[in-house]
Amino acid sequence: MKYLIIGSGGREHALYWRLLHDKSADEVFVAPGNGGVPDKYRVNIKQEDFKSISGFCTDKNIDIVVVGPEAPLVAGIVDHLKNEKIPAFGPVQKAAMLEGSKLFAKTIMNKYNIPTAGYNEFSNKNDLMDFINSRQEFPIVIKLDGLAAGKGVGIPESKKEALDFIKDNVTENAKVFVEDFLEGEEASVLGISDGETVVPLTAAQDHKRIFDGDKGPNTGGMGAYAPAPVMNSESMKRVQAEILTPTIRAMREEGIIFKGVLYAGLMLKGDQIKVLEFNARFGDPEVQVILPLLNGRLGDIIEKSINGNLNAGDITFSGKSAITVVMSSGGYPGPYEKGKEITGLDSLSDEIIAFHAGTELKGGKTFTNGGRVLNITAMGNSLIEAKNKVYNEIEKIKFDGVFYRKDIGNKALKFLE
Ligand code: AMP
Ligand code: GLY
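This report concerns the structure included in the present document. (Residues numbered from 1 in each chain as written. Chains lettered and ligands numbered in written order. Predicted model: local features only at pLDDT ≥ 70, side-chain atom pairs only at ≥ 80, totals over all residues. Heavy atoms only, no water.)

Attention shifts here to the overall build of the chain. The helix and strand inventory of the chain stands at 13 helices and 22 strands. Since a compact globule built from 417 residues should have a radius of gyration of about 22 Å, the 21 Å found for the chain is in line with a globular shape. A total of 417 residues make up the chain; the buried ones form 54% of that total. Long-range contacts, defined here as pairs at least 24 residues apart, represent 69% of the contacts in the chain between residues at least 6 apart. Of the charged side chains in the chain, 50 are positive and 56 negative; the average position of the first set lies 1 Å away from that of the second. (Helix = DSSP H or I, 4+ residues; strand = E, 2+ residues; numbered from the N terminus. Rg over C-alpha atoms; globule rule 2.2 N^0.38 Å. Buried < 20%, exposed > 50% of the residue type's maximum accessible area, 1.4 Å probe, protein only. Contact = heavy atoms within 4.5 Å. Lys, Arg positive; Asp, Glu negative; His and termini not counted. Charge placed at Lys NZ, Arg CZ, Asp CG, Glu CD.)

What follows concerns the site of ligand 2. In the vicinity of ligand 2, the contacting residues are Asp206, Gly220, Tyr263, Asn279, Arg281, Gly283, Asp284, Pro285 and Glu286. One of the side-chain N or O atoms of Asp206 is found 2.8 Å from a nitrogen atom in ligand 2. Measuring from an oxygen atom of ligand 2, one finds a side-chain N or O atom of Asn279 at 3.5 Å. Computed on the free molecule, ligand 2 has an accessible area of 200 Å², of which 89% lies beneath the protein chains in the complex. Of the residues belonging to the shell around ligand 2, the class tally is two nonpolar, three polar and four charged. (Near = heavy atom within 4 Å. Polar contact = N/O pair within 3.5 Å; in protein donor to acceptor, adjacent residues only side chain to side chain. Areas by Shrake-Rupley, 256 points an atom, 1.4 Å probe, with all protein chains shown as cover. Nonpolar A, V, L, I, M, F, W, Y, C, P; charged D, E, K, R; others polar.)

Moving on, we get to the packing of helix H7 (residues 125-134) against helix H8 (residues 159-169). In a packed pair of helices, the relevant descriptors are the angle between the two axes and the axis-to-axis distance. At their nearest, the axes of H7 and H8 sit 10 Å apart, and the two run at 170° to each other. One element, H7, and the other, H8, form an angle in the roughly antiparallel class. Along the contact surface, H7 presents Lys125, Leu128, Met129, Ile132 and Asn133, while H8 presents Lys159, Ala162, Leu163, Ile166 and Lys167. Looking at the contact of H7 with H8 residue by residue, the classes come out as six nonpolar, one polar and three charged. (Axes fitted to C-alpha atoms, helices over the stretch in contact; angles between N-to-C directions. Parallel < 35°, antiparallel > 145°, perpendicular 65-115°, else oblique.)

The next subject is the sheet that holds strand S16 (residues 272-279). The strand order across the open sheet formed by four strands is S10-S9-S15-S16, and the pairing between neighbours is antiparallel. Bordering the open sheet on either side are strand S10 (198-200) and S16, each of which pairs with just one other strand. Between one strand and the next, the sheet's axes are offset by a mean angle of 35°, whatever the strand orientation. In this sheet, S16 lies alongside strand S15 (residues 259-269) in antiparallel orientation, the contact comprising seven bridges. Across the sheet, the residue bridging to Gly265 is Glu277, located in S16. Helix H11 (residues 298-307) rests against strand S9 (185-194) and S15 of the sheet, and its axis sits at about 65° to S9. (Pairing = 2+ DSSP bridges.)

Glancing now at the side chain of Asn34. Mapping Asn34 onto the fold places it in the loop between strand S2 (27-32) and helix H2 (50-60). Polar side-chain contacts of Asn34 include one of 3.1 Å to the backbone oxygen of Ser8. Setting aside residues no more than four positions away along its own chain, Asn34 makes contact with Ser8, Gly9, His13, Arg42, His356, Ala357 and Thr359.

Attention shifts here to the pairing of S15. Counted residue by residue, S15 has nine buried out of eleven residues, so it is predominantly covered. Note that S9 and S15 share ten bridges and pair antiparallel. The partner of Ser193 across the bridge, within S15, is Gly260. In this structure, the hairpin formed by S15 and S16 is closed by a connection of two residues, where Gly270 is found at a positive phi of approximately 55°.

The next point concerns unusual backbone geometry. In this structure, the amide linkage connecting Phe138 to the following residue, Pro139, adopts the cis form with an omega of 0°. Relative to the assigned elements, Pro139 resides in the loop between H7 and strand S6 (141-144). With an omega of -10°, the peptide bond running from Ala226 to Pro227 counts as cis. Structurally, the position occupied by Pro227 is in the loop between strand S14 (223-226) and helix H9 (233-253). Here Asn61, not a glycine, exhibits a phi torsion of approximately 55°, which is positive. The residue Asn61 is located in the loop between H2 and strand S3 (64-67) in this model. A relative accessible area of 56% places Asn61 in the exposed class. The backbone of Asp214 sits at a positive phi, close to 55°, despite the residue not being glycine. Considering the arrangement of structural elements, one finds Asp214 in the loop between strand S12 (209-211) and strand S13 (215-218).

This is the structure:
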């Protein structure tokens, strides 16, 4: 089998690795990929250039396309490839609106009683300002409707912070909503759907803030582990019964067949489980810890999702734990420099998988080329074992300005005591 993966991050390198590692594929191309992918398999086509992508697939006899990021899904890449008779893993454009429009997702959840935070919708700035001015309780959560690469959510702690967020981020007629602030522990439960059945993957926990102790600004994700012990088998059953299955059914009711990854970002408190957001793709860095734990062949699951014959028992996990720590460029998520040479990758123990994200190979050397640079990943019989492996080895990798969190996994340990 020949695959083409769309995307350039750690998620896409993990997909590339898994498809080859479990022998789902003979060859895997990545457009555009990163320094973790041999040059021969990197394809210099932009993710928004659908015509060139389908042209490449036809030329190279690609069997299946796997779409990593949300932007091409929301722009309709799967619809385009379907029209060209090229099988693609991921939702069609209308289905990807669960991620592409946060308001669409809220409307679906409200209509079909899928648990989520209460909200008020605004279509002009004046009404929004009036609402904020009359509001007494803070924090609140302000969300912009469309894709905003992680920048569309503000959690102001006071009226002043709320007004500042609106001034800086909300244009005159932007669609915005204000959501109740939920407290608790976050977890990500991803399900694979074939349009009718949805099968959950092992739960993962991301670390969104840049600094240890969940301090500082939000990032794309600074590390993850799986399984997340905050989810037990009882709560996984509830997520399946109250969230994943009802959402796929709701979409069908609306005449939309959702195939691919339905990612539910959840907030848990006591026996309350609520949806913070849906994504329509694998999480990054969540998938970097989910894929190493998967039994069997990823390609079989992808084919079943595309062909509509996925069954509940088709996805199982090894029972081990995995952890990934994101090494980032100094300054990220603010401005940072690129082009710093990375050393030490060759000296890592063979128990470590170094997924590349923002890297570039030049003349046999590896250089930084993005904010999130590497995802240093290990498995263990326990989370603590996996964590020790990663942190014992990570110091071998050096580049100018390197930064990473030292506390990935700590949040889980209190559930394991
Ligand atoms: P979203 O893109 O909607 O997941 O929001 C990004 C992050 O903001 C989430 O991962 C949460 O940490 C936080 N967040 C979003 N909605 C809420 C909420 N209603 N209450 C508390 N935190 C939230
Ligand atoms: N790790 C969060 C995301 O992929 O959206």
